[in-house]
Every structure is written in C-alpha cells, then in structure tokens.
Amino acid sequence: MRASVLRDGRMVYRDDVPEPVPGPGQVLVGIRACGICGSDLHFAAHGDRVLEMTSDAAGAAGAMDVDLNRDIFMGHEFSAEILEAGPDTDTHPAGTMVTSLPILLSAKGFDPIVYSNNTLGGYGERMLLSAPMLLPIPNGLDPRHAALTEPMSVGLHAVNKSNIERGETALVIGCGPIGIAIIAALRLRGVESIVASDFSPARRELATAMGAHQVLDPAQGSPFDSVRARVVFEAVGVPGIIDDVLRRARHGTRLVVAGVCMQPDEVHPFFAIAKEINVQFVLAQIPEEFAESLHALAEGEIDVAPMITGEVGLDAVGKAFDDLADPERHCKILVTP
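A short tour of the structure in this document, coming up. (Residues numbered from 1 in each chain as written. Predicted model: local features only at pLDDT ≥ 70, side-chain atom pairs only at ≥ 80, totals over all residues. Heavy atoms only, no water.)

This model, assessed by the stated rule, comprises three aromatic pairs. The interplanar angle of 10 degrees and the centroid separation of 3.9 Å between the aromatic rings of F43 and Y115 together place this pair among those described as stacked. Of this pair, F43 sits in helix α1 (residues 38-58) while Y115 sits in the loop between β7 (109-112) and β8 (126-130); the two residues are 72 residues apart in sequence, bridging distant segments of the chain. Each member of the pair F43 and Y115 is classed as buried. Where F270 meets F271, the ring centres are 6.2 Å apart and the plane angle is 70 degrees; that geometry is what we call edge-to-face. Classification of F270 as exposed rests on a relative accessible area of 60%. (Phe/Tyr/Trp six-rings, centres within 6.5 Å; stacked < 30°, edge-to-face > 60°. Helix = DSSP H or I, 4+ residues; strand = E, 2+ residues; numbered from the N terminus. Buried < 20%, exposed > 50% of the residue type's maximum accessible area, 1.4 Å probe, protein only.)

Before going further, it helps to spend a moment on unusual backbone geometry. Among all residues save glycine, negative phi is the norm, and among peptide bonds the norm is trans. You will see that D88, though not glycine, has its phi angle at about 55 degrees, which is positive. Residue placement: D88 occurs in the loop between β4 (77-85) and β5 (97-100). Unusually for a residue other than glycine, A284 sits at a positive phi of about 60 degrees. With respect to the element layout, A284 can be found in the loop between β15 (278-281) and α8 (287-298).

Ordered in space as β12-β11-β10-β13-β14-β15, the six strands form an open sheet in which the pairing is parallel. The open sheet has two free edges, formed respectively by β12 (214-216) and β15, since each of these has just one partner strand. Averaged over all neighbouring strand pairs, the angle between strand axes comes to 20 degrees, with direction disregarded. As defined by bridge partners, strand β14 (residues 254-257) adjoins β15 across four bridges and the pair is classed as parallel. The residue bridging L255 from the neighbouring strand is V279, located in β15. Lying over the sheet, helix α3 (residues 149-162) contacts β13 (231-234), β14 and β15, oriented at roughly 150 degrees with respect to β13. (Pairing = 2+ DSSP bridges. Axes fitted to C-alpha atoms, helices over the stretch in contact; angles between N-to-C directions. Contact = heavy atoms within 4.5 Å.)

What follows concerns the side chain of T169. Within the secondary structure, T169 sits in strand β10 (residues 169-173). The class of T169 is buried, set by a relative accessible area of 19%. Of the polar contacts made by the side chain of T169, one reaches the side chain of S193; its length is 3.4 Å. Once residues lying within four places of it in the same chain are set aside, the contact partners of T169 are S193, V195, V227, R228, A229, R230 and V231. (Polar contact = N/O pair within 3.5 Å; in protein donor to acceptor, adjacent residues only side chain to side chain.)

Shape descriptors only; they carry no functional weight alone.
Right, dumping it as structure tokens:
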C-alpha cells in the first residue's frame, strides 16, 4: 500500500506499507482527502520535544509510545469511503462516505490517530477506523470539505469555551488555520462583531472571506488600540503573545488560548489580577462539536473552500510540508491519495 511517512524529520513516500486488516468493531476505509495540520508540521520538526512535553503533562500512563527512529504514520483530518467491515461488525454499507474523530478503538483500548509507528493515519491509501465512531458524510458534501471537520471543530470548541454572547466583540489574534476556524465558528454562533489580526495580507483576506467583520495589521499598531473586545482568542502560539494580551486587554476580558506554544513563556500575573482577566486554555474538541461541525459544513453554514489552497498526492507530502511555511501561499493543503 502507498503512504507518506515521517522518517528522520522528513515526509517520505513508501509503496510497501502492509495492508491494514480490520478487526472486530473496525472498518477498512479508503482515504479520499486528508488535511495537513500545523501540529504535524511541528511534530516533524520537534518530535522529541513534543513527546517529552506530552509525557510530562500526562504522566507515564499517558505518554505516547512513539519511536522516532522508526517510520511514523500521521494524518488526522480525513474523509474516507468504507471498503470492508471487520468480523462481527455492524456498520454502514460499503461505499458510504464517512469521517471520524481520530481515535481507533481496539481490544487493547484506544489509539489516537495522530503520531504512531503502528496505527495508520490519513496520509495513505487506506486505514482502519472504529465503527461506533463513524459519521456518514451527509448531503453529498464534497469529501475534500468534509476532511476539514476536525480542524473546524477545534475552532468551535474554543468558541464554546469562551461563552461569548452575540453582542460581544471578539478579537482573534492570528489567522492561521485555527484562527480561521475560530472566526468561522464565531460567525456560526451569530457573533455580530468579529475582528481579526494578522501580519499576513493573504491571511487577513481569508479571515474576511470566512466571516471577520474587520481585519487589522498589527504592524500598523496594536489591535487593542482600536478594538475594545470583550473576548480575545489567541491563535498564534509563540512566546510573548499571552503577556501582551494581559497588558493591553480591557478589564474583565476573557482570554481563550488556542495557540500551542511549545517554548517556555513569561507572563506577569499582576496584569490579569488587576484587570480580573479570565484565561481559558483549550485543546481539540468533544464528539458533539465534531458532529456539529460536520453538520454545519453539510448544510452550507460554513464554507471551507477558501481555506483549501492546494492539493497533493502521497508522493508530494514532503514538499507540501515545506510549502506550508509560507503564509502568503497556503492555509490548508489536502492530501488526496
């Protein structure tokens, strides 16, 4: 089977990956599209640090059993077609287009479909999914668009955690894929004032297309100089951003941190204390948000077409990883086996 795997920090094309065989409760699916996530790019560059910090955060029981000296399978934003069910598995018929939370259930427990030496991900021709977790793709939704259910649900989770009301102003700092997903979710929730800030003209243009009412270039001045936002979403993930928000935000601001910063960062709690700022860190999504995001895509309530800036085959995933470093060229590249 053909697949693209991570080897020594680079994505490498293989045509000799063993065919996956579904067990009880599992289905074999053919991948139709898989989005390249920023977390995959980060793991390719800093896999040892990701594993170390994940182990520190979760403890020994939650550590990821990944050997960086062996090929690693990735790809967790996918749509697929059911090909075959495992033994004693009651599921949708073959040919059904589906997506799923990136988790594979087995007799041993569950394996996240994220980084693994053994569990196949979406950067391949076929993979295994768990029958109980499958969601059929409704309304003839383009499988390429359905593949973005996962990142869109991450944005929805951040918005839900903010408890934002329609009449409150939202400021989204950073308009990469997660910032864009937050903007789309804010629009879905009917928020009447969505402001987005990013240095990239291309990303500011995309933010407008996805629902931002106003876009700002932070090179021309802090967005806090002109915007009195009640809810601020940080979607950059680099040191210094959180502290800058605490310094500049208004009294009573709710700060939602969705950007994943892997470096040590310094904050001054005094600013948050003096202004009674609430800080909420967020990660991933819950199943209900995943299903709601798929429904919103299928009903046309969210249009992710502007986010898709490229498509590649399995033999060009490595180049796509390199190309995504340029924010002026790409937001989301899909792998279409």
